[in-house]
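Here is what each chain is made of, one letter per residue.
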Amino acid sequence: TATGAYPQSSLVEATNGKFYGVTQWGGVDGQGVLFEFDPVTGVVTKLHDFGWAPVPGRPIGSPMQASNGKLYGMTSYGGAHFNRGALYEYDISTSTFTVKHNFDNDGRNPEGGLIETNTDTLYGMATAGGTNDHGTIFEYIVSTGTLTKKHDFNDPDGRNPKGSLFKATNGKLYGTTNYGGSNFQGTIFKFDILTGTHTLVHSFHGPTTGKNPWCSLVESSDGHL
């Protein structure tokens, strides 16, 4: 398992034509790796070993490539604050791994990925932590390295998001929570990045619509999610 084990995320294709992903286990310290896959040669190359706190560890969500060409992702554990996780940057051109933020009171233990809403601005979610310890939505400014909490989840509007946010064609962000809502079985929600407004869209109900989603959303050509 020195090259990684148990990937639980999708791959991202970078502008260099190669694919990047993470495993949540394996590597030198058993806490996962960041790897590169070259589709031309079929070669997988380990780029970074995640570790134990205070080093970031256990990445679960997929990395993404921002408009500056660098990869960004999160770890669910490790980091400088009692295994609350961290946000990292990986520079493909220099093979440099950098911890950009250690989660603390702004959320903890993220289990999804990041999205770029505008140039220099990333959004993501923490599975737990925040004011109610039910998770948060946050904004990260790449150029300044500043992370700002935008929403605290609670039981009525959903709790414990585990997937990634999705930006729909209407400019709003959509996501799901694993628990909470009117039936305590998870929700679909909408977040307006212009107003900072969170809106409950749907509360799941097991017998009729399922329960406890652990996923991200995707928009089809007809505008449905």
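What counts and what doesn't
Residues numbered from 1 in each chain as written. Predicted model: local features only at pLDDT ≥ 70, side-chain atom pairs only at ≥ 80, totals over all residues. Heavy atoms only, no water. Helix = DSSP H or I, 4+ residues; strand = E, 2+ residues; numbered from the N terminus. Rg over C-alpha atoms; globule rule 2.2 N^0.38 Å. Buried < 20%, exposed > 50% of the residue type's maximum accessible area, 1.4 Å probe, protein only. Phe/Tyr/Trp six-rings, centres within 6.5 Å; stacked < 30°, edge-to-face > 60°. Lys NZ or Arg CZ within 6 Å of the ring centre and 35° of its normal. 1 Å grid on protein atoms, 1.4 Å probe; cavity = no way out; pocket = protein on both sides within 12 Å on 5 of 7 lines; lining within 4 Å. Points joined across faces, edges and corners; volume = space filled by probe spheres on them. Nonpolar A, V, L, I, M, F, W, Y, C, P; charged D, E, K, R; others polar. Core = buried A, V, L, I, M, F, W, Y, C linked by side-chain atoms within 4.5 Å. Contact = heavy atoms within 4.5 Å. Polar contact = N/O pair within 3.5 Å; in protein donor to acceptor, adjacent residues only side chain to side chain. Pairing = 2+ DSSP bridges.

(A) Fine view of the overall build of the chain. Looking only at helices and strands, the chain features one helix and 16 strands. Scaling as 2.2 N^0.38, a compact globule of 225 residues should have a C-alpha radius of gyration of about 17 Å, and the chain matches this with 17 Å. Each of the three principal axes of the chain carries a C-alpha extent, and together these read 45 × 40 × 40 Å. When each of the 225 residues of the chain is scored for burial, the buried share is 49%.

(B) Spatial organisation of the packing of aromatic side chains. What the rule picks out here adds up to seven aromatic pairs. An aromatic cluster of three or more residues is present, and its members are Phe50, Tyr88 and Phe97. The ring of Trp25 has Arg58 sitting right over it, with the charged end atom 4.1 Å from the ring centre. Lying over the aromatic face of Trp214, Lys162 brings its terminal NZ or CZ to 4.4 Å of the ring centre.

(C) Expanded view of the layout of surface pockets. Counted as a void, the largest pocket has a volume near 330 Å³. In this structure, the largest pocket is lined by 22 residues; those nearest its centre are Ser10, Ser62, Gly113, Ser164 and Ser216. Taken together, the residues of the lining of the largest pocket sort by class into ten nonpolar, ten polar and two charged.

(D) Representation of the nonpolar core within the structure. With twelve residues, the main nonpolar core is built from Met64, Ala66, Tyr72, Met74, Leu87, Phe103, Leu114, Leu122, Phe138, Tyr140, Val142 and Leu147. Looking at this core, the elements that each hand over two or more residues are strand S6 (71–75) and strand S11 (136–141). Leaving out residues up to four positions away in the same chain, Met74 has contacts with Pro59, Ile60, Ala86, Leu87, Tyr88, Phe103, Pro110, Gly112, Gly113, Leu114, Met125 and Phe138.

(E) Spotlight on the side chain of His151. If you trace the backbone, His151 turns up in strand S12 (residues 146–152). Judged by relative accessible area, His151 falls into the buried class, the value being 12%. Within the structure, the side chain of His151 is placed 3.2 Å from the side chain of Asp157, a separation counted as a polar contact. When residues no more than four places from it in sequence are discounted, the contact partners of His151 are Gly135, Thr136, Ile137, Asp157, Phe191 and His198.

(F) Expanded view of the sheet that holds strand S14 (residues 173–177). Ordered by their spatial adjacency, four strands build an open sheet running S13-S14-S15-S16, and the pairing between neighbours is antiparallel. Two strands in the sheet have a free side with no partner beyond their single neighbour: strand S13 (166–167) and strand S16 (197–203). By the bridge criterion, six bridges tie strand S15 (residues 187–192) to S16 in an arrangement that is antiparallel. Residue Lys190 lies in a different strand from S16, and its bridge partner there is Thr199.

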